[in-house]
Structure formats: C-alpha cells, structure tokens
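Topology and contacts: notes
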Amino acid sequence: MALPNRIALTFFCLFACQPLLLHAEALPIIVDGQFDDWGAATPVVDDALESTGQDLGTIYVANDDDFLYFRVDVTRETILQNDPSSEAGNELKLFLDADGSAETGFQTRGIGADLIAYFGYRGIYYYQTPTSPVWSSQNDFGVRSAPTHSASQFEIAFERDRMPLQGSDSVSFYFAIGSSDYAPDTGTVSYSFATGAPDAEPITIDRIDATDVRILSWNVHSDSPDSNPAPFTRILQATQPDIVNFQEVYRWSAATTRDFVADALEGNWYAAEVSDCITVSRWPIAASVASDGNLVSLIDLPPGISNRDLVVINAHTPCCEDNSGRDREHDRMSQVWRNAMENTGPFTTSGDEAVVMVGDFNMVGYVRQLETLRDGTFINEATYGPNFSPARERGSLTSAPLRHTHTREAFTWQNPNGSFAPGKLDFILVGEDAATLKKSYCLYTRDIPNDVLTEYGLYSSDSVASDHVPAIADLEFVPEPAPSGLLTY
C-alpha cells in the first residue's frame, strides 16, 4: 500500500485566512459509535454537499481532560480505517496545528500543521520541522475512533498527553477528503480547550441483584488461559459470571475449559464447544449446535431464575476484509435464532426462549453485518428467508453498552503495536422482550484504581492477558413468557 504523497500537500499553502474562533465545549464523550453524548455540542462546520462522491458534512469538536474529540459526518458510507484502494475506503485527512505556532509544522492556510492524520491509511505525518515529517502510527498519538464498521458519521479522539501541545491551550484545524472537499472550505477552525467535563461515573463490578444472570464474553487470544492462566482465574473470581463464553480456544477441549472455570468458581459446570468457541454454564446445556464455526447453546435456566430457557450464541466470525464470510455467518446465526423462535430447528424449543448473542464479531466491515443480527434484516433474504423481529414485539435486540468501569473508554480490542486504533469489535446483543439488561461493562484493569484492584484480587495487567477486553452483562428475566408469534417485515 502506497503512503500519501507529501509533495502533493503543498498546494494547500495557497489557502490562508483568519481562523474561525470557537468557544470550548467540555463534554463527557464516549468514543463508542453512539452520538447521544454529542447532543449539547454546537457544529463548528456545517459543510454543504458539493459532489456526488464522498463529501464532508457537519463537524463537531469537544474535549475533556484526557482527549480532544471530533465528530465528522460524511455523505457516503465508508469504513474509516480502510484506505482508498480497499472496500468503502476513504481519503479523509485532518490538518492539526497543536502548538499554536505557524512557524512549526506543515505551513498551510496560515497555520503550521504539526499533525496530518490520514485516517484511511491509519497513520499520521508528524512535522517536528516544516520539511521533515515522520510517518507514525495513529496509536503513537493515542487515537480512538468509532465505529469500526462502515458508517457515515464517526467519532475520533486524540490523547492530549500524546499531542505536541507544548503548553498550548488551543488547536487549529481543518478536514479534507483527498483534494475534492474541505471543511471549512477556506481557512481553519481555532478551538480553545475547556475545563469542567465530569469524571466518568464508576461502574461497580458486582451485579445489582444476586438473582441476575451474569454473562461474560472474552476472546482469549490464541489459548492464553493455557499459557498464562492466572489473569483469567482472577477475572473470573472477581466477576463471578454464570455463563462464560470464550473465543480463540484451540488447545483445550470443552471439558478442560469447564474444569478451568470450575476450579476458579467452584460448583458443577457444563460446557459445549464448536471450533474455537466454548461456552461454560452454571446450569445444564440442554442442546448445542454449530452455526458455521459459531456455537449455539440452549441453557436450561432454573425455575427460580426464569420459566423460560436461554439461547446463547457464542460467535467468532471472520476477520478483516472477509465481508462475504461475515455476511454469510451473520445471516446464518440470525436464521438459527428465527428458526428457534418458530420451533423449526435446530433443536426442539418452546418458542418463548430468551436470546443473547455474544462474542468477537470482528465488526470491521459493513454495518449490515451487525444489522442482520440486531435487527433481523438479512443480507441475503433469498437464501435465508424473510426478515423478522429478533426481540419479538420489542423489535431489535439491544446492543449492551460496554464502557470501561472507571473511564469513558469503550474499546473491546487493542493492539498498541499495530496500525489500527482500539475499537469495539465485540458485542453483547440481548432480546429485551424476555430479559432486562440491568448492567453491562468491559473490565479493563489498566484503568481501575489500586484500591478497587486490591478489593477484588485483581492486577492492573490482568485484562491485557488478551488483546480483547472481557465484556460482561447482567440480565433479569421477565417472569411471564412473551407471545410466541413473530413479527415479520
């Protein structure tokens, strides 16, 4: 893949005007691909549609003590971290003057851009001098972005401690898509940092009620519990899940994994496996089947918890640019749940079961792959049958918020040594027609205060035993069965 041509940037120097000065907005932003927390923000640029191709729209900016945040709307579905030669790729760029000096950085539009971020190429030109840029990974500047799947609006954040601010309390910037569109069209935006964004409200590790059913999902990165068991044991003991869903377990059998969980949590446990997906349950697994390499289990909940059973789909779907593989596997999993609701397979059901879909869905492709699971809208309806409501009269499944317990971070995967920014690849989808989502979070021990770590017997390094973060959801079950009829589109 060729990197952007630095020489081609020089024509931007033709543009220069006074920056647009803006008041600062200290907002509690969570970079999770949801935009409700931007409700108090004022657009800094409202760019008009100028082409039939990819085009910039509205731009927002905010900050807290740790991050500088941007919200960028574009006019065509794109995958933010895909380069222009890839499917749904882009040429989105940010020119950012971090130190307030027009004499340092790349000179353009009257500013000195210290950083030129190429989001599709997942890299940043850092101009320590005006003529000698260094190509760096976006991880070198603590970039966060969401969603990781295709969309027409994105959240992008930079860690302030990693930016070359050099004591400056403001930044100037503009965005571009290739050389076809700019926001603003001329000049730059000048933004002064605000104070006063509230700290994240801590999420307690314990469940709210003892009778809530706790589900844990964790891609354990190539058999890490086998080679490094202690962190996984500590996290199991701290969180006390009832149903454990692991992905990327290759060397251990279901029985070995069951014994590992039982040693950590005690009691009688049950397990099922398909490929690298293993589900371990405190209650009997009445049946289990494969959906491609994904595991579908029917769990017999005790009467004191629920009068209905629970279908758990434990998924690890194809990675990276294999969109056709994800399309197929997500359609098939959705079909399995629709058939279970209709009691037409893959195992005998009563039709009123609850459902939870969990796992590493590798959501780095098209948003349609999430929609087929969450909303019941098949990608290939001709093959897999009619669309349906996976939460019955409630319509779509609920995507559990997976914020970290002690910060406003929301990534479920990271690789600090790679080029991709941390992102949300893992999901917990809940049918709230039959169960109420009481609490959900990711346990990222790096950000947990020492006194809390000590209270729960955790080490700061525990959650980075894998490149994925353990995701947890607590469910309270609706006492009476939901209507068995399906809503179809």
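Residues numbered from 1 in each chain as written. Predicted model: local features only at pLDDT ≥ 70, side-chain atom pairs only at ≥ 80, totals over all residues. Heavy atoms only, no water.

1. Notes on the state of the cysteines
Going by this rule: The disulfide criterion is simple: two cysteine sulfur atoms within 2.5 Å. Under the scheme applied here, a residue whose accessible area is under 20% of the maximum for its type counts as buried, over 50% as exposed, and between as partly exposed, the area being computed with a 1.4 Å probe on protein chains only.
Evaluation of the coordinates by the stated rule reveals one disulfide. Disulfide pairing is shown between C319 and C320; the S-S distance is 2.3 Å. Because the torsion about its S-S bond is 60°, the bridge between C319 and C320 counts as right-handed. With a relative accessible area of 40%, C319 lands in the partly exposed category.

2. What to know about the sheet that holds strand β11 (residues 144-146)
The strands making up a sheet associate through hydrogen bonds between their backbones, and the pairing can be parallel or antiparallel. Going by this rule: Strands are treated as partners if at least two bridges between them are detected by DSSP. Starting at the N terminus, helices and strands are each numbered in turn, a helix being any DSSP run of H or I of at least four residues and a strand any DSSP run of E of at least two.
Read across the sheet, five strands follow the order β2-β3-β4-β12-β11 without closing on themselves; strand pairing throughout is antiparallel. Since the sheet does not close on itself, it has two edges, and those belong to β2 (45-46) and β11, each with one partner. Here β11 pairs with strand β12 (residues 151-159) via three bridges, running antiparallel. Counterpart to S145 in the pairing with β12 is I156.

3. Topic: helix α4 (residues 323-342)
For clarity, the threshold we go by: Multiply 1.5 Å by the residue count of a helix minus one, and that product is the helix's expected span.
Its 20 residues give α4 an end-to-end C-alpha distance of 28 Å, which sits within 8% of 28 Å, the value for a rise of 1.5 Å per residue. Within α4, 15 of the 20 residues are buried, which leaves the element mostly enclosed by the surrounding structure. Directly beyond the C-terminal end of α4, a positive phi value near 55° is found at N343.

4. A few points about the environment of G33
Which entries qualify depends on this criterion: Pairs of residues are marked as contacts when any of their non-hydrogen atoms sit within 4.5 Å.
Considering the arrangement of structural elements, one finds G33 in the loop between β1 (20-22) and β2. When the C-alpha positions of G33 and V274 are compared, they lie 31 Å apart, and in sequence the two are 241 residues distant. Discounting residues that sit within four places of it in the chain, G33 has contacts with A146, P147 and E155.

5. Some remarks on the sheet that holds strand β21 (residues 294-299)
In spatial order, the strands read β20-β21-β22-β23-β25-β24; together these six strands make up an open sheet with mixed pairing. Since the sheet does not close on itself, it has two edges, and those belong to β20 (285-291) and β24 (398-399), each with one partner. Two strands pair when backbone bridges link them, and β21 and strand β22 (residues 310-316) are joined in this way by five bridges, in the antiparallel orientation. Bridge pairing in β22 links I299 to L310.

6. Some words on the environment of A262
Within the secondary structure, A262 sits in helix α3 (residues 254-265). In this structure, the C-alpha to C-alpha distance between A262 and R282, residues 20 residues apart in sequence, is 9.1 Å. Residues contacting A262, with those up to four places away along its chain left out, are G267 and W269.

7. Some details on the pattern of salt bridges
For clarity, the cut-off: Salt bridge, as used here, is a side-chain nitrogen of Lys or Arg placed within 4 Å of a carboxyl oxygen of Asp or Glu.
Summed over all chains, the structure comprises 19 salt bridges. One salt bridge in this structure joins D209 and K438, with 2.7 Å as the shortest N-O distance. On the criterion of sequence distance, the pair formed by D209 in the loop between β15 (189-192) and β16 (213-219) and K438 in strand β26 (residues 435-442) is long-range, its members being 229 residues apart. As a salt-bridge pair, D212 and K438 come within 3.1 Å of each other at their nearest N and O atoms. Residue D212 is located in the loop between β15 and β16, and its partner K438 is located in strand β26; the two are separated by 226 residues in the primary sequence. On the accessibility criterion, D212 (2% relative accessible area) is buried. Overall, K438 belongs to the partly exposed group, its relative accessible area being 23%. Because the salt bridges share partners, they merge into one network encompassing R144, E159, R162 and E409.

8. What about unusual backbone geometry?
That bond from A183 to P184 is cis: its omega, 0°, falls within 30 degrees of zero. Counting through the fold element by element, P184 comes out in the loop between β14 (181-183) and β15. Looking along the chain, the bond that leaves G345 and enters P346 is cis, with omega of 5°. If you trace the backbone, P346 turns up in the loop between α4 and β23 (354-360).

9. Some words on the packing of helix α2 (residues 229-239) against α3
Stated formally: Orientation is described by axes fitted as lines to C-alpha atoms, over the contacting stretch for helices, and by angles from 0 to 180 degrees between their N-to-C directions. Roughly parallel means an angle under 35 degrees; roughly antiparallel, over 145; roughly perpendicular, 65 to 115; everything else is oblique. Helix crossings are classified by the rotation of the near helix relative to the far one: an anticlockwise turn of less than a right angle makes the crossing left-handed, while a clockwise turn makes it right-handed. Under the scheme applied, nonpolar residues are Ala, Val, Leu, Ile, Met, Phe, Trp, Tyr, Cys and Pro; charged residues are Asp, Glu, Lys and Arg; polar residues are all the others, including Gly.
Two numbers describe how α2 lies on α3: the axes approach to 9 Å, and their chain directions differ by 55°. The angle between the axes of α2 and α3 places the two elements in the oblique class. Crossing geometry of α2 relative to α3 is assigned as right-handed. Residues P229, F232, T233, L236 and Q237 of α2 touch α3, and the partners they reach there are F260, V261, A264 and L265. Counted by class, the contact of α2 with α3 contains seven nonpolar, two polar and no charged residues.

10. Quick look at the side chain of S172
Within the secondary structure layout, S172 lies in strand β13 (residues 170-177). Under the relative-accessibility criterion, S172 is labelled buried at 12%. The contacts of S172, once residues within four sequence positions are left out, are F95, L96, D97, I111, T188, V189 and S190.

11. Regarding the confidence of the model for the chain
What counts, and what does not: Here pLDDT means the predictor's own confidence in every residue, given as a number from 0 to 100.
Across the chain, the average pLDDT comes to 92, with 92% of residues at 70 or higher. pLDDT under 50 marks residues 5-17. Its contacts with residues more than four places away, or in other chains, come to 33 contacts.

12. With respect to the nonpolar core
Let me state the cut-off plainly: Here, nonpolar core refers to any group of buried Ala, Val, Leu, Ile, Met, Phe, Trp, Tyr and Cys residues whose side-chain atoms link them within 4.5 Å.
Formed by 36 residues in total, the largest nonpolar core has its most connected members in F70, F158, F173 and F175. Broken down by secondary-structure element, the contributors of at least two residues to this core are β3 (56-63), β4 (67-78), β5 (92-97), β8 (115-118), β9 (123-127), β12, β13 and β15. The contact partners of F70, leaving out residues within four places of it in the chain, are W38, Y60, V61, L94, L96, F154, E155, I156, F158, F173 and F175. By size, the runner-up hydrophobic cluster in this structure holds 31 residues, among which are I215, I243, I285 and V312.

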